[in-house]
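Here's the letter readout for the chains.
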Amino acid sequence: MFESLKLADLPQRHIALLREPTRTRPAVWLIEERGVQAVVKDFSANHFLYRTIVGRFLVWREGKALRRLRGIKGIPNLFKVVDGIALVMEEIPGKNLEELGREGKRLPPRFFDDLAALVDRFHRRGIAHCDLKRAPNTLVGPDGAPYIIDWGASICETEFRLFPLPLVFRRFQLDDRLAVTKFKLRHCPEAVSHAELTRYQHRSRMETLIRRVRDRLREWLQKIA
């Protein structure tokens, strides 16, 4: 699928330009081939140094995560990497949690059970999302199920083998799980258990230290993503 796609063809071939490129953000295109729609995250219009260094790194990182998570329902499929600077991914229709929050829409407890199960599935594959608390990264699909996008800041367990990095990785995993509680408090507060609320609010000294390390790493990942 999309084997013939060339970045130079996108201005003529696209259905829509979902996001204009900026100095540090890629263009996002919507395209279609044989009835299948895809999103293209395209760094080709960025400044040369950013495109060549940061863009290639982010494409490699997100592509690595999506390949590792292939086959998990709720994670977009990766169709192709183009020239090392663009990702062609499955288009997931639906609204994100930020949009639904602005509309005052509530979500049923089942949605958050499914979201927690999805988080557990990608954690078992050795991936932490690291930016799940951003509401735009979680979509409600047309089937009412959760879908998670934007894996540019994700990290892999194999990259965090040396002590104390495994502690930092587990903290990122915990943050992914706490993101589920955060959204549940916002969209379905009556479904939050006492144990979930206690864990969400609890901060030990060790956790505080790990959070500082994590926050520095997250700030760097978010700046380049």
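Refer to the structure presented above.
These numbers were taken from a predicted model, which means no experiment stands behind them. (Residues numbered from 1 in each chain as written. Predicted model: local features only at pLDDT ≥ 70, side-chain atom pairs only at ≥ 80, totals over all residues. Heavy atoms only, no water.)

Participant: Sorry, what's going on with the overall build of the protein chain here?
Facilitator: Along the backbone of the protein chain there are 7 helices and 10 strands. Computed over its C-alpha atoms, the radius of gyration of the protein chain comes to 18 Å, within 12% of the 17 Å expected for a compact globule of 225 residues. In terms of overall dimensions, the protein chain has a C-alpha envelope of 55 × 40 × 30 Å along the principal axes. Considering only contacts within the protein chain whose residues lie at least 6 apart along the sequence, 63% involve residues at least 24 apart. Approximately 11,800 Å² of the protein chain is accessible, and the part contributed by carbon and sulfur atoms is 55%. Here the protein chain carries 42 positive and 28 negative side-chain charges, and the mean point of each set is 6 Å from the other. (Helix = DSSP H or I, 4+ residues; strand = E, 2+ residues; numbered from the N terminus. Rg over C-alpha atoms; globule rule 2.2 N^0.38 Å. Contact = heavy atoms within 4.5 Å. Areas by Shrake-Rupley, 256 points an atom, 1.4 Å probe, with all protein chains shown as cover. Lys, Arg positive; Asp, Glu negative; His and termini not counted. Charge placed at Lys NZ, Arg CZ, Asp CG, Glu CD.)

Participant: Got a minute to help me understand the pattern of salt bridges in this structure?
Facilitator: As a working rule, side chains carrying opposite charge can pair if their charged atoms are close by. Throughout the structure, instances matching the rule amount to 15 salt bridges. In this structure, Glu62 and Lys41 form a salt bridge, with 2.9 Å as the shortest nitrogen-oxygen distance. Of this pair, Glu62 sits in helix 2 (residues 48-68) while Lys41 sits in strand 3 (residues 36-42), and the two are 21 residues apart along the sequence. Of the two residues, Glu62 and Lys41, neither departs from the other in class, the shared state being buried. (Salt bridge = Lys/Arg side-chain N within 4 Å of Asp/Glu carboxyl O. Buried < 20%, exposed > 50% of the residue type's maximum accessible area, 1.4 Å probe, protein only.)

Participant: Is there a simple way to think about the sheet that holds strand 4 (residues 78-82) in this case?
Facilitator: Sheet strands associate in pairs through backbone hydrogen bonding, adopting either a parallel or an antiparallel arrangement. The strand order across the open sheet built from 5 strands is 1-2-3-5-4, with neighbouring strands paired in antiparallel fashion. Unpaired on one side and paired on the other, strand 1 (16-19) and strand 4 mark the two borders of the sheet. In this sheet, adjacent strand axes meet at a mean angle of 25° when their direction is disregarded. As judged from the 7 bridges shared by strand 2 (residues 27-33) and strand 3, these two strands associate in the antiparallel manner. Following the sheet pairing, Glu33 is matched in strand 3 by Val36. (Pairing = 2+ DSSP bridges. Axes fitted to C-alpha atoms, helices over the stretch in contact; angles between N-to-C directions.)

Participant: Help me understand the nonpolar core, please; the structure alone is not making it clear to me.
Facilitator: Nonpolar side chains in soluble globular proteins tend to be buried together. Judged by nonpolar contacts, the single largest core of 46 residues is most densely connected at Ile31, Ile75, Ile148 and Trp151. Listing elements by their share of this core, those giving two or more residues are strand 2, strand 3, helix 2, strand 4, strand 5 (86-90), helix 3 (97-102), helix 4 (109-124) and helix 5 (165-187). Apart from the residues lying within four places of it in its own chain, the contact partners of Ile75 are Leu66, Leu69, Glu90, Leu118, Phe122, Ile148 and Trp151. With 7 residues, the next largest nonpolar core counts Cys130, Phe160, Phe169 and Phe172 among its residues. (Core = buried A, V, L, I, M, F, W, Y, C linked by side-chain atoms within 4.5 Å.)

Participant: Got a minute to help me understand the sheet that holds strand 6 (residues 95-96) in this structure?
Facilitator: In space, the 3 strands of this open sheet follow the order 6-8-9, with antiparallel pairing throughout. Each edge of the sheet is formed by a strand with only one pairing partner; in this case those strands are strand 6 and strand 9 (146-148). Summarising the sheet, strand 6 and strand 8 (residues 138-140) pair through 2 bridges and their orientation is antiparallel. Along strand 8, the bridge assignment pairs Asn96 with Leu139. In the packing of helix 4 onto the sheet, contacts are made with strand 8 and strand 9, and the angle to strand 9 comes to roughly 35°.

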